[in-house]
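# Close look at the chain arrangement
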Amino acid sequence: MEIAFFLNGTPVKLDVAPDRRVVDLLREDLGLTGTKEACGTGDCGACTILVDNESRLSCLMLAAQLDGRTVATIEGLSQGESLHVIQEAFIECGAVQCGFCTPGMVASSVDLLHRIPSPTRQEIREGLSGNLCRCTGYQKIVDAVELAVRKLQEDR
Amino acid sequence: MTVDRDFERIYRGTLAIGSSVPRVDAFDKVTGRQIFAADYYSPDMLWAGVKRAGIPHGRVEYLHVERAASLAGVHAILTHEDVRGSNRQGVVRKDQPVLCNDKVRHCGDAVALVLAESKEVLRQALDLVGVGLEPLPAVFDAEQAMKEGAPLVHEDHEAGNILLEGHLKTGAGEDARDECDILIEACFKTPRQEHAYLETEVGWAQMGDDGRLTIVCSTQTPFRDRAEVAEALGLKYTDIRIIAPYPGGAFGGKDGVTVQSLLGLAALHSGGRPVKMWWGREESFVCGTKRHAATMYYTLGAKSDGSLHYLKVRLYLDTGPYDHLGGVVLALGLEHSGGPYRIPNVVLDGWCAYTNNPVGGAFRGFGVTQVTAAMEQMMDMLAEKLGMDPLNLRLRNAVKTGDRNFVGKTLVNSTGVTECLEVLAAHPLWKEKDAWKSSADTFKKRGVGIAALMHASGYGPFVPDFANAKIQLTEQGKVRVYCGVVDMGQGNASTNLQIVGSILGQDAAHIELVQPDTDRTLPSGSASASRCTYTFGNALIGAAGILKERILQRAADLLMAPDAKHFALVPGSVRHLRDGRELPLSLVAQYLNESERIAVYRFRAPVAGEVMPVGEDLRLHGFPHTLFSYGAHLAYVEVDELTGKVSVERYLAVSDCGTVINPQVYEQQIHGGIAQGVGFALSEEFQVKEGRVLTPGFSTYLIPTAADVPEMESIPVQLYEQTGPFGLKGVGEISTNGPLPAISNALFDALGAREGEYPLTPERVARVIGAGDWLNASGSMLRW
């Protein structure tokens, strides 16, 4: 079937099998390998993308569900060397180790700050609890989200 | 919401030793630009997948591949008959078939390899491969496996199901038992643990037109992989190139071959097309290695003044059907089974046994996690019986430099366990623990527990723990570092950059890193054993020193200056310190020929001079070590009396891992290890019934989420280690070992009772609370 959606700010039209998983569409068909797959069953959050500004698991979505939507992947959050404030905070706080959960974790953090602009540490922990990380112990990720909130408030 | 900031600000600036330089890999990882092995695709690529045994033990009767082969889109189906080499892989004892020929020995064993045009066809074809297996009697317990008449996992192994055993007696041995005023006996069982790296086992391979096989894979051991693949597939070592991008987590589970030989075999039969293999999560859980399940029988004896006098340990490890470093895990476990203490009389006996369970293997902690769980609870039980403060009991017996540790090894390197315990004792979390405990809500109980830790680094006395650093001044005047050791997330690539930058006076913009690649970088051992930065860092210091001297001397010659000592390296240039003249490095590079622009230095880690009376076998497997990191951990724990749920509220880790090159990277290691240890202690129950994995994914095997890990504090006790690069010791593993005993000790503090089996799930804790039959520390839990 033919689907049309905005991908990282650009309109795209594709002819795809309607049951193609979105994670496969992104990684294999469109070469956007920043979105990771780590379980394929919706348990780990590594494949998180933003659909109409809300976090979605691309391993549980089918291509047909993207029709008419606005999609952002990790590749769309930065522009050249200019980073999203959350990406910048992840670097500064040391929230990145192996990095395989990072794109999904960043996407979920963006979604979290959309919903709760000034979260407590506990709210950050609960908000990111759908994204598994095996390296960091999460503390520096929580630090990074807090730092991003402070940066956004300073910029205001 | 994108903000315009000067990204360079983050990266420029000092690379000085001791500063928290942001990691060099972080930018590509937060932007999704980092290409992992999982991200390799090619237009004409085939997908390779494995047909698994599905039963724990059986004879291969037949393989029917015709139906699968006739499916449109199936390129090839391969069996053991297509393997030209030894068809055996492994690190010590090469006992694991690439594709099973005679028997299958666990449910995850590989019996056939399918190459298909798409993932969908691959899945259908794998279902259509017919595998005829005649079930054989199987064995699922290490102690049972050692009994007379137990089914044999490898009929050709002389010692039956015993992969390795180790024994050590010091002092008066068993005779010292009667000299003790107090004896504590207990048994502990720790379960398998799944690595659960986010990037499952994955790789991409292709045969080149030149007849060389290239394998890009998620691995900790590219050079060793090359040797294993060559032997198993009957290829020339030099005809294989392994490229190791940053793995998406490894923790020991990629310390050795996973997809490599299978991928190599697939590429040999793909007609020159590239091939990709990517294990799914369930396949990773069933077929990947696990932390060894352990059964540990302990007797600890002391004099009434609290001095440890006698230790007897019987340690059983279930290694599954293959030697995935199981013997080495046993040796390291035995060497740490008595903790960082002086104990004059010791009897250690350990066995690592073959079973038909999932494969036991390397996992951060490597045998030490298991025995520390036991020994540090023994210490608390002893303190309880002596009426001594558990911290004071540890301080009283803690080893110092110059002491013999409990296996009789004289400690000649920095030994900071006492300092760690003293820092912990002075910390508010220790001093104010009683106030915190007494403020628990209704139906909640609180407790505080500690654990003292030691963890060796390196390979021990026999296997050379070496690294070969290579640094190049490029024609463009940049410094290129050829990293020989994989960075699986622990940040050693960034540390390499920091070490080189500090010696050669360069900032990050003037340094390039080449990740491990058997064609480009030099053999430097595995990314394991808390050895990466210790061993490779020492080699880098040597190589950087050589290159620095060459650059300065050539600059002095070019400027007709009498003494190279008057020059210094600054970012991008060489500067004469007296008259301020500068030469760009790109210019100096032109006046050095190609071989002069490359500096290579080999370092081999020091080994123990003493030979322990443990037999040659245990020595070959790494006994004893000479260099140890130390630590003292503290956990604040709250338990819900109604549900049995245990939560860790605060956590403190004081560590002696030498001096700190990068505080942020150091803390990452401590935090990550604690989180894995908290999972091991509380929620990660890898359930196996008659060889079958009952918890094959994240919905049944629960690793900690952000909501399950406490706020952690890490304090480094920065003792300078004379042999370490800039004074450091290994920090990669030690913190994994603390949480289980610290949490279990805290739970005893809260409830006055202790459980000997783990993890401490709500079900397990509630059951014992409800039954009211928790045994206290003055009795034993599971007598034998």
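Here we come to the overall build of chain B. Check the secondary structure of chain B and you find 21 helices and 33 strands. Expected size for 784 residues packed as a compact globule is a radius of gyration near 28 Å; at 27 Å, chain B falls within 12% of this value. Counting over 784 residues, chain B shows a buried share of 59%. In chain B, of all internal contacts separated by at least 6 residues, the share reaching a separation of at least 24 is 80%.

Bringing the domain arrangement of chain B into the picture now. Residues and elements named next belong to chain B. As far as domains go, chain B holds domain 1 (39–136 + 201–278), domain 2 (290–460 + 610–771) and domain 3 (466–604). For domain 1 and domain 2, the distance between their C-alpha centres works out to 37 Å. In this complex, domain 1 contributes 17 residues to the contact, which on the side of domain 2 involves 21 residues.

Attention now goes to the interface of chain B and chain A. Every contact between the two is made by 52 residues of chain B and, on the other side, 49 residues of chain A. Residue assignment for the side of chain B that touches chain A shows that the elements contributing at least two residues are helix H1 (7–11), helix H2 (26–30), helix H19 (663–682) and strand S33 (711–716) of chain B. The leading source of residues in the side of chain B that touches chain A is H19(B), at six residues. Partitioning the side of chain B that touches chain A into residue classes produces 25 nonpolar, 17 polar and 10 charged.

Residues and elements named next belong to chain A. Annotation of chain A at the domain level lists domain 1 (2–76) and domain 2 (85–155). Computed over C-alpha atoms only, the centres of domain 1 and domain 2 are separated by 21 Å. Broken down by secondary-structure element, the contributors of at least two residues to the side of domain 1 that touches domain 2 are strand S3 (48–51) and strand S4 (54–57). Per-element accounting of the side of domain 1 that touches domain 2 gives the leading share, three residues, to S3.

Moving on, we get to the confidence of the model for chain B. Residues and elements named next belong to chain B. Of the residues in chain B, 97% reach a pLDDT of 70 or more, and the chain-wide mean stands at 95. Scored below 50 in pLDDT, residues 1–12 makes 18 contacts in the model with residues more than four places away or belonging to other chains. Below a pLDDT of 50 lies the segment residues 773–784, which in the model reaches 28 contacts outside its immediate sequence neighbourhood of four places, other chains included. As scored by the predictor, the complex reaches a pTM of 0.97 and an ipTM of 0.99.

Cut-off values and rules
Residues numbered from 1 in each chain as written. Chains lettered and ligands numbered in written order. Predicted model: local features only at pLDDT ≥ 70, side-chain atom pairs only at ≥ 80, totals over all residues. Helix = DSSP H or I, 4+ residues; strand = E, 2+ residues; numbered from the N terminus. Rg over C-alpha atoms; globule rule 2.2 N^0.38 Å. Buried ≥ 20, exposed ≤ 12 C-beta atoms within 10 Å, placed from the backbone. Contact = placed C-beta atoms within 7 Å. Domains from an automatic or database assignment. Nonpolar A, V, L, I, M, F, W, Y, C, P; charged D, E, K, R; others polar. pLDDT = per-residue confidence, 0-100.

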